[in-house]
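Read off the chains here:
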Amino acid sequence: MLSIKDLHVSVAGKPIVNGIDLEIKAGEVHAIMGPNGSGKSTLAHVLAGRSGYEVTRGTVTYMGKDLLALSPDERAHEGVFLAFQYPVEIPGVNNIYMLKAGLNAIRRHHGEEELDAVDFLSLVREKMKIVDMDESLMSRSVNEGFSGGEKKRNEIFQMAVLEPRLAVLDETDSGLDIDALKIVAGGVNKLRNKDRAIILVTHYQRLLDYIVPDKVHVLAHGRIQRTGDKSLALELEKHGYGWIESKAGAA
Amino acid sequence: MASTKYDIKTAVDQRYKHGFVTDIEADTIQPGLSEDIVRLISAKKSEPAFMLDWRLRAFRHWTTMKEPVWAHVRVAPINYQDIIYYSAPKSQDDRPKSLDEVDPKLLETYEKLGIPLHERAALAGVAVDAVFDSVSVATTFKDKLAEAGVIFCPFSDAVRDHPDLIQQYLGTVVPYTDNYYAALNSAVFSDGSFVFIPKGVRCPMELSTYFRINARNTGQFERTLIIAEEASNVSYLEGCTAPMRDENQLHAAVVELIALDNAKIKYSTVQNWYPGDEHGRGGIYNFVTKRGDCRGVSSKISWTQVETGSAITWKYPSCVLRGDNSVGEFYSVALTNNYQQADTGTKMIHIGKNTRSTIISKGISAGHGQNSYRGLVKVLKGADGARNYTQCDSLLIGDKCGAHTFPYMEVTNPTAIVEHEASTSKISEDQLFYCLQRGISREDAVSLIVNGFCKAVFKELPMEFAVEAGRLMSVSLEGAVG
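As a starting point, this report considers the structure included with it. Because the structure is predicted, anything quoted here is derived from the model rather than measured.

## Structural notes on the overall build of chain B
Helix and strand content of chain B: 12 helices and 23 strands. The burial tally for chain B puts 62% of its 482 residues in the buried class. Counting only carbon and sulfur atoms, one obtains 51% of the accessible surface of chain B, whose full area is about 18100 Å².

## Quick word on the state of the cysteines
All names here are of chain B. This structure, assessed with the given rule, holds zero disulfides over all chains. The thiol of C153 is not disulfide-bonded; the next cysteine sulfur, from C203, is found 13 Å away. Among the cysteines around C454, which has no disulfide bond, C392 carries the closest sulfur, lying 14 Å off.

## Focus on the sheet that holds strand β2 (residues 14-24) of chain A
Residues and elements named next belong to chain A. What the four strands build is an open sheet, ordered β2-β1-β4-β5; its pairing is antiparallel. On the outer flanks of this sheet lie β2 and β5 (65-66), each paired with one strand and no other. Of the strand pairs in this sheet, strand β4 (residues 54-62) and β5 are connected by two bridges, and their pairing is antiparallel. Bridge pairing links T61 to D66 in β5. Set on the sheet, helix α1 (residues 40-48) makes contact with β1 (2-11), β2 and β4; between it and β1 the angle comes to about 110°.

## Brief notes about the pairing of β4(A)
As paired strands, β1(A) and β4(A) are joined by seven bridges and run antiparallel to one another. By the bridge assignment, I4(A) is partnered in β4(A) with V60(A).

## Some remarks on the environment of F157(A)
All names here are of chain A. Turning to its location among the elements, F157 is positioned in helix α5 (residues 148-162). What makes F157 buried here is its relative accessible area of 1%. With 74 residues separating them along the chain, F157 and A83 place their C-alpha atoms 9.8 Å apart. When near neighbours in sequence (up to four residues on either side) are disregarded, F157 contacts I96, L99, V124, K127, M128, V131, M133 and M138.

## Some remarks on the sheet that holds strand β3 (residues 29-33) of chain A
In a beta sheet, neighbouring strands pair by backbone hydrogen bonds and run either parallel or antiparallel. All names here are of chain A. The sheet built from six strands is open, its strands ordered β6-β9-β10-β3-β11-β12 with mixed pairing. With one partner strand each, in any of the chains shown, β6 (80-83) and β12 (223-228) form the two edges of the open sheet. Mean inter-strand twist for the sheet, computed between neighbouring axes without regard to direction, equals 20°. The pairing of strand β9 (residues 166-170) with strand β10 (residues 197-202) spans five bridges and is parallel. Paired with D170 across the strands is V201, a residue of β10.

## Details of the packing of aromatic side chains
Residue and element names in this part refer to chain B. Within the structure shown, the criterion is met by 19 aromatic pairs over all chains. Each ring, one from F155 and one from F189, has its centre 5.3 Å from the other, and the planes form 80°; the classification is edge-to-face. Of this pair, F155 sits in helix α6 (residues 155-161) while F189 sits in the loop between α8 (180-188) and β6 (193-197), and the two are 34 residues apart along the sequence. As far as the burial class goes, F155 and F189 line up, both buried. Judged by centre distance (4.7 Å) and plane angle (45°), the ring pair of Y181 and F287 falls under tilted. Of this pair, Y181 sits in helix α8 while F287 sits in strand β13 (residues 283-294); the two residues are 106 residues apart in sequence, bridging distant segments of the chain. The pair formed by Y181 and F287 is uniform in burial state, with each residue classed as buried. By the ring-pair criterion, three or more aromatic residues cluster together here, those being F59, W62, W70, Y80, Y180, Y181, Y285, F287, W314 and Y316. When the ring centre of F453 is taken as reference, the NZ or CZ atom of K362 above it lies at 5.1 Å. The ring of F406 is capped by R374, whose NZ or CZ atom sits 4.5 Å from the centre of that ring.

Calculation notes
Residues numbered from 1 in each chain as written. Chains lettered and ligands numbered in written order. Predicted model: local features only at pLDDT ≥ 70, side-chain atom pairs only at ≥ 80, totals over all residues. Heavy atoms only, no water. Helix = DSSP H or I, 4+ residues; strand = E, 2+ residues; numbered from the N terminus. Buried < 20%, exposed > 50% of the residue type's maximum accessible area, 1.4 Å probe, protein only. Areas by Shrake-Rupley, 256 points an atom, 1.4 Å probe, with all protein chains shown as cover. Disulfide = S-S within 2.5 Å. Pairing = 2+ DSSP bridges. Contact = heavy atoms within 4.5 Å. Axes fitted to C-alpha atoms, helices over the stretch in contact; angles between N-to-C directions. Phe/Tyr/Trp six-rings, centres within 6.5 Å; stacked < 30°, edge-to-face > 60°. Lys NZ or Arg CZ within 6 Å of the ring centre and 35° of its normal.

Everything listed is a geometric property; what it means functionally is a separate question.
Written out as structure tokens, the structure reads:
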């Protein structure tokens, strides 16, 4: 589904990603771990098409298409979803209203009929259960006054409604207490299926106790230093990132 | 939010969709302004002597005045002798007795503008007075309103049919000496709407006036007077459009509101005069004086305005809070795109005890637009317990526009509480990217965010106008983001 080849990315002229190769198939969950500044959030943003990131070399092919040639909204239409690390507040814009606008834009793109308010609301009620969303978050402005945990839940809730093919979860575990983490992870697990690929970008191993990945990649200095299964994450937990970084330095 | 597939071509073509001209035979007088012209206008309307006399006093006073220059706007010099001060559709000579006799071309014009004047097709529950250039061409639901004792008619009819009310109230809120444009209006005003809500009556429907400039080189000078007697209640709204033309046209209106004891007046405006093109050519000069007098105790006047049109807007709907416990409100959204300029705000004059006022102003600047909030909160000595809350927010789109805030406060009573909050923000890339990532196009995202910014004001508008206002914002912002 997703094929990243020799990806190099600079931010303001400074190289951040220095040659990433990654193959992800439908149905797989890949965890991308790494210390701060290793380039993992940059990778997430580049996949979603945020401006300010310059791809200096390499290709990203998604469902047979050149992903980098698409605008961010076109990527969303094609099924790319980013759960933000810091979901932004948009005062005065109703949370559900924005989501409906997004869903209907995606449906239009696929030649499907737009959902009317009634159908949309019943869809929303059903999807809210996935992350145990409080009804009151429906009537509030986008992320405004949400607690950290509520914001992260809202991201996964949006994912549930938009049903992406490729979901990139950028540090969805950060800032969550253990109860919230369990709810969010439970939501993500319910959204795993054979047609959907998920990339978990995370700093900590603990998320992977709840969402068991098919593969774990460890990023440092803008490159994948090691790839393994869940045990790699546990090993990392034991030795710390210094272990990978010193190896990377030596290589 | 556009609910159909977004089509740039259509959107661009629709940028100002009210820009057409109606080809209709008009009775138009020669350009220029003099005592003779004032007499001519008065004669055309067969006015009683008191009216002509008032106009002439206003005219003589106007000749002693100078244009105000304190507003933060650049105005090309206006030659008042080039302007035509009266133009009316010919068919008005033998005025239609009922809606069925109104010139079909006029009905079609308003149909096109989305204001059907046939009562059976009319906006549900809204009575409309349609003002075309200098005169009122139709008023709907007159009979139904009369049953409730409500008078809603063209200003000229009121001068003829209710001279006592006119003499009692005209110019008592905005005297002709008030300012340059108010004096000019008082001398040459041609028509407008008159509303009288008798004691204890809650007006059974929304009242609205729809102003349309059509003729070339004419100015529009209408006057609106609304009187709400004791414990009455009325909601009034006005809309405005004009054809697209390369030259500027002057619109100098006066609105006076009077609320007696326990009366409530809600006045909403959706102003969409032609704003000029993307190079700043043409557009309406909208120089308007609006003031409400909370004359009675516990009376309330609430202004809501959505200003998206006009090349220049110079307008300060204000409240004089004379009665004890009276309440004044001002909710405003002003949008300037391309080369539009707006200097708008309000004055809240606290005279009575325990008077309260609220000011919520949302300014949006895009393109090369210049947007100023100018507001005065004045608390007089006797206004014990007066309270004001002011919130002024500015939103900038792009880096060539400007937002300015000029808040003035004059407080001479120590028990008054006056609060002012202000903010200036830009639409952040983070907000845009968040919307884009959810599949929303850039244009739709901007309009979504701007509408969110305006929400506190839009919610004050009557339902169908709130929807229209949201749509208008999207259209007015076309091309504002690259």
